[in-house]
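Spelled out from the first residue to the last, the chains are:
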Amino acid sequence: MPHATAPPATGHRPRWWTELPLIAVVYALYSVGRLLVRGDVSTAVDHGLAILRLEQALYLNAEHPLNRLFTSTPSIGIPADFAYASLHYVVTPAVLVWMFRRRSTAYRTARVWLMNSTLLGLVGFTLMPTCPPRLLDASHGFVDTMAQYSAYGWWGEGASAPRGLSGMTNQYAAMPSLHVGWSLWCGILLWRHGRHPLIRTAGIAYPLITTIVVMGTANHYFLDAVAGAAVMGLGALLVKPVIRFADGVKARLTGVLPGSRKQGGASTAAAAIPATVSPDVSAGCKTSTGERIPGQRTTSADPPGTAVGGTAVVGPAARDAADADASDDAPAAAR
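Only a predicted model underlies this, so the values are computations on that prediction, with no experimental measurement involved.

Draft legend 1. Molecular detail of the overall build of the protein chain. Of regular secondary structure, the protein chain possesses 12 helices and four strands. By residue count, 39% of the 335 residues in the protein chain fall in the buried class. When contacts within the protein chain are restricted to residue pairs at least 6 apart in sequence, long-range pairs at least 24 apart make up 77% of them. Split by element, the accessible area of the protein chain, about 19,400 Å² in all, is 64% carbon and sulfur.

Okay, here's the thing in structure tokens:
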């Protein structure tokens, strides 16, 4: 994602006391909006079945074998449930903090990318509430592993929500899968900005494992995962326009041009503009033909006879001889 990971040309190091409230507000809006856009259950079920039929038409059926594996093998299913219930909320903030502390020049771009994609995901939840596989009728062959292994964790039947708080989450916000989208965001940043091979390997493994987990636990369809990746791609394309818009709004509010800084109460934007008119070093003084400004010298690189401003420029030796002839010690005939 070159649009989303290239550092901005100008800017300053972000401050945590401005970043933290901004992120908190955006996440709060996302969480509240996610709850407020609950659609009709029957509509969500219809959307889920439509996705399932589309996958069958495309001969895509990764969910069933993975779900059977997770259901029949607790040593795989239980860690997968823990991963689904926690990593989404742990790894993403950790990568954001890592970018803030270690890759500050690219942090703003990464943060805007994440926010863009998250809000786009909210639009998806609003337009297409979708019943996840685990909430479909049992005749469709899916088992809710979160409910099956709920005794091992803090979650209940409400997906990753703590036991007894299933009403605090929208279980039909499945399309797109932001579990997959956020993990892809983490993976790209770890691969692009990580220096240690283990970090870059984690950047590849994390989104792949997350995709398997969301399907094996019957929380998402494969096409949900594809939609999550598409949302991240669109969010990346919107990074530069959003940053330009934000800088423009800030400039209008503060009266400072984007990319300029204030020094002593005045903007330095004008200082950055190169002068296009050469300064008048003569201060209005003029010399007649043949006269030189005292102390003026021509460069040795100017060949004898080169005309400058209508006056022939002679070499150093010829100039010295002419000066000698014009001096008071020279004979009158020579002057």
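Draft legend 2. Focus on the nonpolar core. By size, the foremost hydrophobic cluster in this structure holds 27 residues, and its most contacted members are V95, M99, W113, W185, C186 and L189. Those elements giving two or more residues to this core turn out to be α5 (74-102), α6 (104-127), α8 (178-193), α10 (222-237) and α11 (239-254). Here this core takes eight residues from α6, the largest share from any one element. Sequence-distant contacts of M99, that is, excluding residues within four places in its chain, are made with S104, A106, Y107, A110, L189 and H193.

Draft legend 3. Quick peek at the environment of N116. You can see N116 is positioned in helix α6. N116 sits 119 residues away from G235 along the chain, and the two C-alpha atoms are 4.9 Å apart. With sequence-adjacent residues up to four places away left out, N116 is seen in contact with G235, L238, V239 and V242.

Draft legend 4. The pattern of salt bridges, seen in detail. Under the criterion given, the structure shown has two salt bridges. Across the pair D247 and R108 runs a salt bridge whose closest N-O atoms are separated by 2.9 Å. With a gap of 139 residues between them, D247 in helix α11 and R108 in helix α6 connect regions that are remote in the sequence. A relative accessible area of 26% places R108 in the partly exposed class. A salt bridge links D144 to R134, with the shortest nitrogen-to-oxygen separation between them at 3.2 Å. Residue D144 is found in the loop between α6 and α7 (145-148), and its partner R134 is found in the loop between α6 and α7; the two are separated by 10 residues along the sequence. R134 sits in the buried class, given a relative accessible area of 6%.

Draft legend 5. Structural detail: the environment of L135. Within the secondary structure layout, L135 lies in the loop between α6 and α7. For L135, a relative accessible area of 31% gives the class partly exposed. Spatially, the C-alpha atom of L135 lies 8.4 Å from that of V45, the residues being 90 residues apart in sequence.

Draft legend 6. A look at α11. The first and last C-alpha atoms of α11 sit 22 Å apart over 16 residues, in line with the 22 Å expected at 1.5 Å per residue. Listed in full, the buried residues belonging to α11 are V239, I243 and A251. All buried residues of α11 project into a common sector of 100° when viewed along the axis, lining one side. Residues of α11 that are exposed and point more than 90 degrees away from the buried face comprise F245, R252 and L253.

Draft legend 7. Looking closely at the environment of F142. With respect to the helices and strands, F142 occurs in the loop between α6 and α7. The spatial distance from the C-alpha of F142 to the C-alpha of R68 is 7.9 Å, given a sequence separation of 74 residues. Apart from the residues lying within four places of it in its own chain, the contact partners of F142 are L52, E63, H64, N67, P133, L136 and A218.

Draft legend 8. Broad picture of a nonpolar patch on the surface. A cluster of nonpolar side chains, L234, L237, L238 and V242, forms an exposed patch at the surface whose accessible area comes to about 310 Å². As for its position among the elements, L234 is in helix α10.

Draft legend 9. Representation of empty space enclosed by the protein. Summed over all chains, the structure comprises one cavity of 30 Å³ or more. Estimated volume of the largest cavity: approximately 70 Å³. What lines the largest cavity is simply A83, Y84, L87, H88, H179, Y206, I209, T210 and V213. Among the elements of the structure, α5 and α9 (197-216) are those that each provide at least two residues to the lining of the largest cavity. Looking at the lining of the largest cavity, its residues break down into six nonpolar, three polar and no charged.

What counts, and where the lines are drawn
- Residues numbered from 1 in each chain as written.
- Predicted model: local features only at pLDDT ≥ 70, side-chain atom pairs only at ≥ 80, totals over all residues.
- Heavy atoms only, no water.
- Helix = DSSP H or I, 4+ residues; strand = E, 2+ residues; numbered from the N terminus.
- Buried < 20%, exposed > 50% of the residue type's maximum accessible area, 1.4 Å probe, protein only.
- Contact = heavy atoms within 4.5 Å.
- Areas by Shrake-Rupley, 256 points an atom, 1.4 Å probe, with all protein chains shown as cover.
- Core = buried A, V, L, I, M, F, W, Y, C linked by side-chain atoms within 4.5 Å.
- Salt bridge = Lys/Arg side-chain N within 4 Å of Asp/Glu carboxyl O.
- Expected span 1.5 Å × (residues − 1).
- Arc of directions from axis to C-beta.
- Patch = residues over 30% accessible without salt bridge, like charges linked within 9 Å, V, L, I, M, F, W, Y side chains within 5 Å.
- 1 Å grid on protein atoms, 1.4 Å probe; cavity = no way out; pocket = protein on both sides within 12 Å on 5 of 7 lines; lining within 4 Å.
- Points joined across faces, edges and corners; volume = space filled by probe spheres on them.
- Nonpolar A, V, L, I, M, F, W, Y, C, P; charged D, E, K, R; others polar.

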